[in-house]
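Analysis of the macromolecular model
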Amino acid sequence: MSIDQYTFADPAALYADIQPKKQRQPEPGLDAELDPTADLGEKTYRGTGRLTGRKALITGADSGIGAATAIAFAREGASVAMSYLPSEEEDAQRVAGFIREAGVTVVTVPGDLRDAAYCRALVAQTVGQLGGLDIVVNNGGKQIFNEDLTTLTDEQFHDTFTTNVYAMFWITKAALPHLPAGSAIINTTSVQAYSPSANLVDYASTKATINTFTKALAQQLAPKGIRVNAVAPGPIWTPLQVSDGQPQDKIATFGEETPLGRMGQPAELAPAFVFLASAESSYVAGETLNVNGGMPTP
Ligand code: NAD
Ligand code: MG
């Protein structure tokens, strides 16, 4: 019997043998360099046609949560446009390979989310090359820890908000004229939106903004047949965390504070995105789906 995301298993024991190791990569970090390797569902995600014929744009699709989502969407039958930074080409090409193997179209559009012109061009290129757009996943994000507000640079504060919040606004705004009724917008927020860490003041603030943006826009777009929702991950093993997302001394125990007692893997996030993208969540709008190992949320 082959193992897939439906295999019956103890969630506390699942992946428990994959221990995070102290390590540091320069931002944005690569999945290719992550040790141990993260599970993007390459070997396990089994599609059942839940997104057949759909057309998705995913930011930060080269690695981590975005990559697992891209692979899952493709195996569910969706064509995928991938956004990522030019320095992440190696990760992006690996994921693009899995998407092609699934028999759907993949478009790669490297660029910088801090650039409004890139965000608009990304949408235009996606629409042009996929022949439309009906799923937008605003997932790309920046997280750099800082222990003391007096040393938090204006540049970092600006960049974190531009990457996490402004890009979501620019991409969503550019996408809207193209989205037919039935479309889904999914934003990646975080448990940090309601349980902020002392050393993530700027990042946590962007995630609270994303949550509220999601809920407000959902009110506006539901009458038009477009559902806007969010996924809020807890501690997930991705390159973001080892490229100064956390101080080095936190990495070895990453995720142990959760009720499940371990960090999560990107593959465990993908089904949440698939659910919110698919028509099976037709009565779900303005929701934040928490995938965080059991930490209580409001
Ligand atoms: P990741 O590093 O694999 O993905 C983040 C991606 O953001 C990068 O791959 C990169 O392509 C993109 N990105 C960053 N800055 C960019 C820029 N200026 N221009 C273009 N792209 C840029 O890490 P991840 O953990 O999978 O992060 C995905 C999302 O999940 C982020 O929004 C993050 O805040 C959120 N999140 C992660 C965790 C976690 O524990 N890993 C927890 C909660 C929320
Ligand atoms: Mg990456």
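Coordinates for the structure precede this section.
Computed from a prediction, not measured in an experiment: that's the story for all the values here.

If you tally the helices and strands in the protein, you get 8 helices and 7 strands. Taking 19 Å as the expected radius of gyration for a compact globule of 298 residues, we find that the protein reaches 18 Å, a close match to that expectation. In terms of overall dimensions, the protein has a C-alpha envelope of 50 × 45 × 35 Å along the principal axes. Counting every position in the protein, which comprises 298 residues, the buried fraction comes to 55%.

Bringing the packing of aromatic side chains into the picture now. Enumeration according to the criterion identifies 2 aromatic pairs in this entry. Ring centres 5.0 Å apart and planes at 35 degrees place the aromatic pair F157 and F161 in the tilted group. A residue pair is termed a helical-turn pair when its members lie 3 or 4 positions apart in one helix, as F157 and F161 do in helix α4 (residues 154-175) at 4 residues.

A word on the coordination of the magnesium ion (ligand 2). For a metal bound by four donors in a tetrahedral arrangement, the ideal donor-metal-donor angle is 109.5 degrees, while six donors in an octahedral arrangement ideally sit at 90 or 180 degrees. Protein coordination at the magnesium ion (ligand 2) comes from D62 (OD), S63 (OG) and E88 (OE), with a distance range of 2.1 to 2.2 Å. Sequence spacing among the residues donating to the magnesium ion (ligand 2) works out to D-S-x24-E. Taken as a pair, D62 in the loop between β1 (55-59) and α1 (64-75) and E88 in the loop between β2 (79-84) and α2 (89-101) lie far apart in primary sequence, 26 residues in all.

Take a probe with the size of a water molecule and roll it over the atoms, and the empty space left behind shows itself. Space inside the second largest pocket adds up to approximately 390 Å³. Lining of the second largest pocket is provided by 18 residues; of these, D4, Q5, T7, L14 and Y15 occupy positions nearest its centre. Here the lining of the second largest pocket is composed, by residue class, of 10 nonpolar, 4 polar and 4 charged.

Another point: the sheet that holds strand β7 (residues 288-291). If you trace the 7 strands from one edge of the open sheet to the other, you get β3-β2-β1-β4-β5-β6-β7, paired in parallel fashion. Across the chains shown, the open sheet's two edge strands, defined by having one partner strand only, are β3 (106-110) and β7. The sheet shows a mean angle of 15 degrees between the axes of neighbouring strands, direction not considered. Sheet topology places strand β6 (residues 227-233) next to β7; 4 bridges connect them, and they run parallel. Counterpart to V231 in the pairing with β7 is L289. Along the sheet, α1 contacts β1, β2, β4 (135-138) and β6; its crossing angle with β1, the most-contacted strand, is approximately 170 degrees. Against the sheet, α4 makes contact with β1, β4 and β5 (184-188), and its axis sits at roughly 170 degrees relative to β4, the strand it touches most.

This paragraph deals with unusual backbone geometry. For the bond running from E27 to P28, omega is 5 degrees, close enough to zero to count as cis. Within the secondary structure layout, P28 lies in the segment before β1. Here the amide bond leading from D35 into P36 is cis, since omega sits at 0 degrees, within 30 degrees of zero. Its place among the elements puts P36 in the segment before β1.

Within the structure, ligand 1 sits among 30 residues, and S63, E88, Y203, T238 and Q241 are positioned closest to it. I65 places a main-chain nitrogen or oxygen 2.8 Å from an oxygen atom of ligand 1. Y203 is positioned such that a nitrogen or oxygen atom in its side chain is 2.5 Å from an oxygen atom of ligand 1. Isolated, ligand 1 exposes 800 Å² of accessible area, and the fraction of that covered by the protein chains is 97%. Of all the secondary structure elements, the ones that give two or more residues to the shell around ligand 1 are α1, α5 (201-221) and α6 (239-245). Sorting elements by how many residues they give to the shell around ligand 1 places α6 first, with 3 residues. Here the residues of the shell around ligand 1 sort into 11 nonpolar, 14 polar and 5 charged.

The full count for this structure, using the stated rule, is 1 cavity of 30 Å³ or more. When its volume is computed, the largest cavity comes out at roughly 70 Å³. If you trace the largest cavity, you find 13 residues lining it, with N138, N139, G140, N164 and M168 closest to the centre. The set of elements that each furnish at least two residues to the lining of the largest cavity consists of α4, β5 and α5. For the lining of the largest cavity, the leading source of residues is α4, giving 5 residues. When the residues that make up the lining of the largest cavity are grouped by side-chain class, the tally is 4 nonpolar, 8 polar and 1 charged.

Within the secondary structure, Y6 is located in the segment before β1. For the pair formed by Y6 and P271, sequence separation is 265 residues and the distance between their alpha carbons is 10 Å. Every residue in contact with Y6, bar those within four places of it in the chain, is listed here: R46, T48 and R50.

Each α-helix winds once per 3.6 residues, and so residues spaced three or four apart point in a common direction. The terminal C-alpha atoms of α5 lie 30 Å apart, and with 21 residues this matches the ideal 30 Å at 1.5 Å per residue to within 8%. Considered for burial, the residues of α5 that qualify are D202, Y203, A204, T206, K207, I210, N211, T214, L217, A218 and L221. Where α5 is buried, its residues contact α4, β5, β6 and β7.

Each value, and the rule that gives it
Residues numbered from 1 in each chain as written. Chains lettered and ligands numbered in written order. Predicted model: local features only at pLDDT ≥ 70, side-chain atom pairs only at ≥ 80, totals over all residues. Heavy atoms only, no water. Helix = DSSP H or I, 4+ residues; strand = E, 2+ residues; numbered from the N terminus. Rg over C-alpha atoms; globule rule 2.2 N^0.38 Å. Buried < 20%, exposed > 50% of the residue type's maximum accessible area, 1.4 Å probe, protein only. Phe/Tyr/Trp six-rings, centres within 6.5 Å; stacked < 30°, edge-to-face > 60°. Donors = N, O, S within 2.8 Å, 3.2 Å for Na, K, Ca; no water. 1 Å grid on protein atoms, 1.4 Å probe; cavity = no way out; pocket = protein on both sides within 12 Å on 5 of 7 lines; lining within 4 Å. Points joined across faces, edges and corners; volume = space filled by probe spheres on them. Nonpolar A, V, L, I, M, F, W, Y, C, P; charged D, E, K, R; others polar. Pairing = 2+ DSSP bridges. Axes fitted to C-alpha atoms, helices over the stretch in contact; angles between N-to-C directions. Contact = heavy atoms within 4.5 Å. Near = heavy atom within 4 Å. Polar contact = N/O pair within 3.5 Å; in protein donor to acceptor, adjacent residues only side chain to side chain. Areas by Shrake-Rupley, 256 points an atom, 1.4 Å probe, with all protein chains shown as cover. Expected span 1.5 Å × (residues − 1).

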